[in-house]
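# Architecture at a glance
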Amino acid sequence: VDRLDFIAIPPSPRDVFAQQHGEVQRTAVRIVDYKTGKAPDFKYPPATNERIASENMWQLKIYALLLREMIANGKNNSKSGNLKNISAQDLRLLRLMYLTSNDGEARYLDFDLGETEEERDDNLQQVHRELVEVWEGIISLVDSQDARKFVHCDRKFCFCHKIRCKFEHGSLYQQF
């Protein structure tokens, strides 16, 4: 996490209290992560663009899940002190800030975990389920002790893409 921003959120039509008592200003925390690579080029059909955005946002969703768990377990005493005034309910917005793009300009990609606490919890529980699935896959591969079962995952940031090319001819992997 590169930065945490406190953002003012205007009242929602769902917020009955705000409708009855005038405008109530709520705040949310936006988790910001800077990326040195180029911003995605959303030139594809909407379904493909949505998949690209979701894949790019996965790492930030993990950060949000971890921050929520840290806060819920009372581990919000960071050295910088920037977590002590945050509640788990405040974690809502995610922003990937790309420092360059095809046209040379910085671009950002935003994601809202959900307007309600229930929506945010559902989103983060899905991320938790995906992490458990990845971890169980790793354990299964290690338990199998069969190097032939190791294949690339579909997450471009995963370390497996860096080590895969290091398998050399004649190595344990090649002997199978």
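All figures in this text were calculated on a predicted structure; none of them were measured in a lab.

### What about the overall build of the protein chain?
- If you tally the helices and strands in the protein chain, you get 4 helices and 4 strands.
- Along the protein chain, helices (α) and strands (β) appear in the sequence β-α-β-α-β-β-α-α when read from the amino end.
- By residue count, 30% of the 176 residues in the protein chain fall in the buried class.
- Look at the contacts in the protein chain between residues 6 or more apart in sequence, and 57% of them connect residues 24 or more apart.

### Considering the nonpolar core
- If you look at the biggest cluster of nonpolar residues, it comprises 23 residues, and the most contacted ones within it are Leu4, Ile31, Ile86, Leu91 and Leu94.
- Secondary structure elements with two or more residues in this core: strand S2 (26-38), helix H2 (46-72), strand S3 (91-100) and helix H3 (117-144).

### A closer look at the confidence of the model for the protein chain
- Looking at the protein chain as a whole, the pLDDT averages 78, with 71% of positions reaching at least 70.
- When the elements of the protein chain are averaged for pLDDT, helix H1 (residues 16-21) gives the smallest value, 58, and strand S4 (residues 107-112) the largest, 91.

### Things to note about a nonpolar patch on the surface
- On the surface, Val134, Trp135, Ile138, Ile139 and Val142 cluster together into a nonpolar patch covering about 450 Å² of accessible area.
- For Ile138, the location among the structural elements is in helix H3.

### Points about the side chain of Lys61
- By the secondary structure assignment, Lys61 is in helix H2.
- For the buried residue Lys61, which engages in no salt bridge, the nearest side chain bearing the opposite charge is Glu130, 6.5 Å off.
- Those residues within four positions of Lys61 in sequence are excluded, and the remaining contacts are Ser54, Leu94, Phe111, Leu113, Leu124 and Val127.

### Focus: the packing of aromatic side chains
- Counted by the stated rule, this structure contains 0 aromatic pairs.
- In this structure, Lys61 is placed above the aromatic ring of Phe111, and the distance from its NZ or CZ to the ring centre is 4.4 Å.
- Against the face of Tyr108 rests Arg95, its NZ or CZ located 3.8 Å from the ring centre.

### Quick notes on the environment of Ser101
- Note that Ser101 resides in the loop between S3 and S4.
- A C-alpha to C-alpha distance of 7.9 Å links Ser101 and Gly37, two positions 64 residues apart in sequence.

### As for the pattern of salt bridges
- Applying the stated criterion across every chain yields a total of 10 salt bridges.
- The salt bridge involving Lys43 is made with Asp41; its shortest N-O contact spans 4.0 Å.
- What makes Lys43 exposed here is its relative accessible area of 57%.
- Salt-bridge contacts for Asp103 lead to Arg107; the nearest nitrogen and oxygen are separated by 2.3 Å.
- A relative accessible area of 48% means that Asp103 is categorised as partly exposed.
- Each of the salt bridges in this network shares a partner with another, and the network as a whole consists of Arg3, Asp5 and Arg30.

### Description of the pairing of S4
- As paired strands, S3 and S4 are joined by 6 bridges and run antiparallel to one another. Considered in S4, the bridge of Tyr98 is made with Arg107.
- The turn joining S3 and S4, which pair antiparallel and follow one another in sequence, is formed by 6 residues; a positive phi near 90 degrees is taken by Gly104.

What counts and how
In this convention, every chain numbers its residues from 1, walking through the sequence in written order. In view of the model being predicted, local features appear only for residues whose pLDDT reaches at least 70, and side-chain atom pairs are presented and counted only at 80 or more, with totals across whole chains, interfaces and linings using the full set of residues. To obtain the side-chain values, all non-hydrogen atoms of the structure were used and water was disregarded. Helix numbers and strand numbers start at the N terminus; a helix is a DSSP run of H or I with at least 4 residues, a strand a run of E with at least 2. Burial classes: relative accessible area under 20% of the type maximum marks a residue as buried, over 50% as exposed, and values in between as partly exposed (1.4 Å probe, protein chains only). Every residue pair with non-hydrogen atoms within 4.5 Å of one another is taken to be in contact. Within this scheme, the nonpolar core is defined by two criteria: the residues are buried Ala, Val, Leu, Ile, Met, Phe, Trp, Tyr or Cys, and they are joined through side-chain atoms within 4.5 Å. Every residue gets a pLDDT, meaning the predictor's confidence in that residue, from 0 to 100. Patch criteria: residues need more than 30% relative accessible area and no salt bridge. Like-charged residues are merged within 9 Å; nonpolar side chains of Val, Leu, Ile, Met, Phe, Trp and Tyr are merged within 5 Å. Accessibility throughout is a Shrake-Rupley quantity obtained with a 1.4 Å probe, and a residue counts as covered only by protein chains that appear here. Definition used for salt bridges: Asp or Glu carboxyl oxygen within 4 Å of a side-chain nitrogen of Lys or Arg. For the purpose of counting charges, residues Lys and Arg are taken to be positive, whereas Asp and Glu are taken to be negative. His and the chain ends are not included. Only rings of Phe, Tyr and Trp enter the pairing, Trp through its six-membered ring, and a pair is recorded when the two centres are within 6.5 Å. The plane angle decides the type: under 30 degrees is stacked, over 60 is edge-to-face, the rest tilted. We count a charge as sitting over a ring when the NZ of a lysine or the CZ of an arginine lies within 6 Å of the ring centre and within 35 degrees of the ring normal. For two strands to count as paired, DSSP must find a minimum of two bridges between them.

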